Amino acid sequence: MSSWQNWSGLAIAHPAQELAPATAAEVVDAVVAARHQRLTVKMPGTGHSFTDIAVTDGLLLRPDRLRGVTAVDRDAMTVTALAGTTLHELNATLERLGLTLHNMGDIADQTIAGATSTGTHGTGGVKASLSAQVAALELVAGDGSVVRASATENPDVFAVARLGLGALGVLTSLTFEVEPVFTLEAQESPRTWDQVLGTLDRLEADNHHFEFYWFPHTDRCLVKEDNRVLDPTAPLGRVRRYVDDELLSNTVFGLVNRLGNLRPALIPRLNELSGRALSARRYSDVPHRVFTSPRRVRFREMEYAVPREVGPQALRDVRRLIDRSGWHISFPVEVRVCPADDVALSTASGRDSMYLAFHVNRQTDHAAYFSGVEDVLRGYDGRPHWGKLHTRTATDLEPAYPRWAEFQAVRDRLDPDRVFANAYLRRVLGD
Ligand SMILES: Cc1cc2nc3c(=O)[nH]c(=O)nc-3n(C[C@H](O)[C@H](O)[C@H](O)COP(=O)(O)OP(=O)(O)OC[C@H]3O[C@@H](n4cnc5c(N)ncnc54)[C@H](O)[C@@H]3O)c2cc1C
């Protein structure tokens, strides 16, 4: 029996069978055959979710052969790709075509189906989540039927399946809204906690995309402001990029983390040193090379979306909790903002949101830190990222999502026999 493991190493699966379909027709055959054998079915992406959302003990459908861009429509400004295409691959093809996605998260290793299925998001812009940038999709439902959905075709499915948690079917292709490629300029600058918290509204209003990192146990923050400019791209030189993104963000950060793991009491001083070592920099490039960067230090993560207007207060409460807790937190807390969207189970569904993300090294026990913070953020009507660690269940998630029943009605229709169920989905969506 083969096994499958996610990026963080926290989730392991031992599927009874494995297949790697290359077409929608092969996915149909696989789903129908599994159903006859009473096996559940799951197609994971690249395993970048921290939860066991992609785990199966039934039939695992590898996404590796379901890849590539299949259609480009320059009139509608949309691009269609097979579900197992990675964001790296999509971004590279779009760049060759002179096109780009509007917004994205901070890595591009995920598959497009995996990323949208959990509501992967970036910060700012008109749309921050990838799900909200989906214009159409195709999936294979629990009975093996092929369902296409867009704003005009099966709109009830479209409303929910852009972020389907893998619970509605196997996505075979996704169509994204795209725009002509542009130059995105990033400006990164160290600031203090008070400087950032005191100017949050202005930072958000003055920039197309804005995020910041706060170094726990210190007053230090790093602000990243990304804006569209008309100038040609002016990327960092290869040496500076290597030093900043590989050496400092990955290699040195990895060593500092290992040291912090061995001697947790050193972490506040290490954070202070890391915060001080940050320097301002400005560069520009095509959007995906500014939005995303390599993340080689493996970690565990929880992220919550709270209503935008209570975000700063929630963050202050979290800081107070960390300050009095005695925990030693070596990873910066990442803060992003996201406009409301119209996807039923999106963490930003129907409300402007602020995202607060918490990380620990992959070997570190996260339980006390994450559950303490989770308690605070629940109090602010927080919604957990579907692909990141959390302890919520269907009973207490339902009230957080006004459109919960819409999702469940489509789930009952597309997968009445729960061919796509697993333990995580039973916990967060119910049986
Ligand atoms: C280093 C790192 C950085 C990250 N950065 C961000 C970020 O900036 N913003 C953010 O929001 N999140 C971020 N994430 C979280 C990540 O984007 C999500 O967890 C995403 O779901 C991972 O995509 P994946 O391809 O690895 O999917 P997986 O984790 O493998 O699967 C996720 C879900 O998608 C389903 N799925 C995959 N393919 C299909 C298909 N064809 N049909 C139906 N269901 C399918 C799976 O079954 C599963 O339910 C990050 C994670 C890591 C590890």
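**Student:** Hey, could you run me through the sheet that holds strand β6 (residues 69–73) in this one?
**Tutor:** Across a sheet, paired strands are connected by hydrogen bonds in the backbone, their directions being either parallel or antiparallel. Taken in spatial order, the five strands make up an open sheet running β6-β7-β11-β9-β10, and their pairing is antiparallel. In this open sheet, the two strands that pair with only one neighbour each are β6 and β10 (146–150). Each adjacent strand pair in this sheet contributes to an overall mean axis angle of 15°, direction not counted. Strands in contact with helix α1 (residues 24–36) are β9 (134–140), β10 and β11 (170–177); relative to β9, the strand with the most contacts, it is inclined by about 45°.

**Student:** Just checking my understanding: could you explain the pattern of salt bridges for this structure?
**Tutor:** Side-chain pairs of opposite charge can arise where the charged atoms are in close proximity. The final tally for this structure, using the stated rule, is 31 salt bridges. The partner of Glu95 in a salt bridge is Arg289, and the shortest N-O contact between them spans 2.9 Å. Residue Glu95 is located in helix α2 (residues 87–96), and its partner Arg289 is located in helix α9 (residues 287–291); the two are separated by 194 residues in the primary sequence. Residue Glu303 pairs with Lys388 through a salt bridge whose shortest N-O separation is 3.0 Å. In this pair, Glu303 is assigned in strand β17 (residues 299–307) and Lys388 in the loop between β20 (383–384) and α12 (394–397), connecting sequence segments 85 residues apart. Judged by relative accessible area, Glu303 falls into the buried class, the value being 0%. One network of salt bridges, in which partners are shared, links Asp106, Arg295, Glu301, Glu303, Glu334, Arg336 and Lys388.

**Student:** Where do I start with the site of the ligand in this structure?
**Tutor:** The environment of the ligand is made up of 37 residues, and the closest members are Gly45, His48, Ser49, Thr118 and Leu171. A distance of 2.8 Å separates an oxygen atom of the ligand from a polar side-chain atom of Asp106. Leu171 places a polar main-chain atom, nitrogen or oxygen, 2.7 Å from a nitrogen atom of the ligand. Protein burial of the ligand: of its 980 Å² of free accessible surface, 99% is covered by the chains. More than half of the atoms of the ligand fall within 2 Å of the grid points belonging to the largest cavity. For the shell around the ligand, the secondary-structure elements that each account for two or more residues are α3 (112–117) and β11. Taken together, the residues that form the shell around the ligand break down as 14 nonpolar, 18 polar and five charged. Split by domain, the residues of the shell around the ligand number at least three in each of domain 1 (69–180) and domain 2 (183–384).

**Student:** What should I look at first to understand the environment of Val140 in this one?
**Tutor:** Inspection of the secondary structure assignment puts Val140 in strand β9. By relative accessible area, Val140 is classed as buried at 0%. Residues Val140 and Val28, spaced 112 residues apart in sequence, show a C-alpha to C-alpha distance of 6.3 Å. For Val140, the contacting residues outside a window of four places in its chain are Ala24, Val27, Val28, Val31, Ser145, Val146, Gly169, Val170, Thr172 and Phe420.

**Student:** Any chance you could explain the environment of Arg269 here in plain terms?
**Tutor:** Position of Arg269 relative to the elements: it lies in helix α8 (residues 267–277). The exposure class assigned to Arg269 is exposed, which follows from its relative accessible area of 59%. As a C-alpha pair, Arg269 and His359 span 90 residues in sequence and 18 Å in three-dimensional space.

**Student:** Could you clarify how one ought to interpret the domain arrangement of the chain in this entry?
**Tutor:** For interface size, the figure often reported is the accessible area lost on association. Splitting the chain by domain gives domain 1 (69–180) and domain 2 (183–384). Between domain 1 and domain 2, the C-alpha centre-to-centre distance is 25 Å. On the domain 2 side, the residues contacting the 27 residues of domain 1 number 27 residues. Both faces combined, the contact of domain 1 with domain 2 buries some 2200 Å², and carbon together with sulfur accounts for 54% of it. When the buried surface of domain 1 facing domain 2 is broken down by residue, Asp106, His121 and Thr123 rank first, second and third, together holding 30% of it.

**Student:** Explanation requested: helix α11 (residues 367–378) in the structure shown.
**Tutor:** Each full turn of the α-helix corresponds to 3.6 residues, which orients residues three or four apart in the same direction. The end-to-end C-alpha distance of α11 is 16 Å, a good match for the 16 Å that 12 residues give at a rise of 1.5 Å each. Among the residues making up α11, those that are buried are Tyr369, Phe370, Gly372, Val373, Glu374, Val376 and Leu377. In this structure, the buried residues of α11 make contact with β17, α10 (311–325), β18 (333–338) and β19 (353–361).

**Student:** I'm lost on the side chain of His288 in this one. Help?
**Tutor:** By secondary structure assignment, the location of His288 is in helix α9. Its relative accessible area of 14% is what places His288 among the buried residues. Within the structure, the side chain of His288 is placed 2.8 Å from the side chain of Glu95, a separation counted as a polar contact. For His288, the residues in contact, after removing those within four places along its chain, are Asn91, Glu95 and Met104.

**Student:** Sorry, what's going on with the environment of Phe420 here?
**Tutor:** Looking at the element boundaries, Phe420 is found in the loop between α13 (404–414) and α14 (423–429). We classify Phe420 as buried; its relative accessible area is 1%. On a C-alpha basis, the gap between Phe420 and Ala54 in space is 10 Å, while along the polypeptide they are 366 residues apart.

**Student:** What exactly am I supposed to notice about the packing of aromatic side chains here?
**Tutor:** How two aromatic rings sit relative to each other is given by the distance of their centres and the angle of their planes. By the definition in use, this model includes 11 aromatic pairs. With a centroid separation of 5.5 Å and an interplanar angle of 50°, the aromatic rings of Tyr369 and Phe370 are classed as tilted. Exposure class is identical for Tyr369 and Phe370. Each is buried. An aromatic cluster is present here, built from Trp7, Phe50, Phe299 and Phe331 joined pairwise through their rings. Seen from the ring of Tyr401, Arg383 lies directly overhead, with NZ or CZ sitting 4.6 Å from the centre.

**Student:** Quick question: what am I supposed to make of the nonpolar core here?
**Tutor:** Soluble globular proteins tend to bury their nonpolar side chains together. Residues Val41, Leu101, Leu139, Leu165, Trp386 and Leu429 are the most contacted members of the largest nonpolar core, which totals 73 residues. Contact partners of Leu101, with chain neighbours within four places excluded, come to Leu87, Leu90, Asn91, Leu94, Leu130, Gln133, Phe176, Glu177 and Val178. Judged by nonpolar contacts, the second largest core, of 38 residues, contains Trp214, Cys221, Phe299 and Ala314.

Each value, and the rule that gives it
- Residues numbered from 1 in each chain as written.
- Predicted model: local features only at pLDDT ≥ 70, side-chain atom pairs only at ≥ 80, totals over all residues.
- Heavy atoms only, no water.
- Pairing = 2+ DSSP bridges.
- Helix = DSSP H or I, 4+ residues; strand = E, 2+ residues; numbered from the N terminus.
- Axes fitted to C-alpha atoms, helices over the stretch in contact; angles between N-to-C directions.
- Contact = heavy atoms within 4.5 Å.
- Salt bridge = Lys/Arg side-chain N within 4 Å of Asp/Glu carboxyl O.
- Buried < 20%, exposed > 50% of the residue type's maximum accessible area, 1.4 Å probe, protein only.
- Near = heavy atom within 4 Å.
- Polar contact = N/O pair within 3.5 Å; in protein donor to acceptor, adjacent residues only side chain to side chain.
- Areas by Shrake-Rupley, 256 points an atom, 1.4 Å probe, with all protein chains shown as cover.
- 1 Å grid on protein atoms, 1.4 Å probe; cavity = no way out; pocket = protein on both sides within 12 Å on 5 of 7 lines; lining within 4 Å.
- Sits in = over half its atoms within 2 Å of the grid points.
- Nonpolar A, V, L, I, M, F, W, Y, C, P; charged D, E, K, R; others polar.
- Domains from an automatic or database assignment.
- Buried area = accessible area lost by both parts, 1.4 Å probe.
- Expected span 1.5 Å × (residues − 1).
- Phe/Tyr/Trp six-rings, centres within 6.5 Å; stacked < 30°, edge-to-face > 60°.
- Lys NZ or Arg CZ within 6 Å of the ring centre and 35° of its normal.
- Core = buried A, V, L, I, M, F, W, Y, C linked by side-chain atoms within 4.5 Å.

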